[in-house]
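The chain contents come next:
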Amino acid sequence: MASILVIEDDKTTRTLLEVIFKVEGHTVCTAPNGTAGLALFKARKPDIVFVDLFMPVKNGIEVIRALAAMNTRACFVAISGGGPEKRSPQDFLIFARQAGAHAALQKPLRKSELLKVVDELLTSSHHMA
């Protein structure tokens, strides 16, 4: 089982992810923005971090870059439904991968996709479980 941090400003999405992961037996903590998320990351040192790309205070790309700079063994998963511009969510998710995310998922999120990514990250060479 993994320790998972969910950084998501939308309360409904944040709660949904928390419930999905807890039901599967993972330990979960959540943060409503990037600044709180980075503080929780330093305190808890989770295995996997799910980061929404568009949030107030500190956006997901800034969070992913900050996490990547820490040389941690944690894996980062970018999640996005698109942004304020008329661009595809895929554009932002590709940018997140370039910034250091190990995986990227487009909203609306599906339980099967979420659990598959967690499983893949836990068994991949990215993560030393």
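Here's a quick rundown of the structure. (Residues numbered from 1 in each chain as written. Predicted model: local features only at pLDDT ≥ 70, side-chain atom pairs only at ≥ 80, totals over all residues. Heavy atoms only, no water.)

1. Quick notes on helix α2 (residues 34-44)
Then, number 1: Buried within α2 we find Gly 34, Gly 37, Leu 38, Leu 40 and Phe 41. Seen from one end, α2 has its buried residues packed into an arc of 165°, which puts them on one side. Facing away from the buried side of α2, by more than 90 degrees, are the exposed residues Lys 42 and Ala 43.
Then, number 2: Looking at the buried positions of α2, the neighbouring elements they touch are β1 (3-7), β2 (27-31), β3 (48-52) and α3 (60-69).
Then, number 3: Lys 45 sits one or two positions beyond α2 and adopts a positive phi of about 50°. (Buried < 20%, exposed > 50% of the residue type's maximum accessible area, 1.4 Å probe, protein only. Helix = DSSP H or I, 4+ residues; strand = E, 2+ residues; numbered from the N terminus. Arc of directions from axis to C-beta. Contact = heavy atoms within 4.5 Å.)

2. Brief notes about unusual backbone geometry
Then, number 1: Residue Pro 108 is bonded to the preceding Lys 107 through a cis peptide linkage, with omega at 0°.
Then, number 2: On the secondary structure map, Pro 108 appears in the loop between β5 (103-106) and α5 (111-123).
Then, number 3: Although it is not a glycine, Val 57 adopts a positive phi angle of roughly 75°.
Then, number 4: Considering the arrangement of structural elements, one finds Val 57 in the loop between β3 and α3.
Then, number 5: Residues other than glycine seldom take positive phi values, yet Asn 71 does so here, at roughly 50°.
Then, number 6: The topology assignment puts Asn 71 in the loop between α3 and β4 (75-80).

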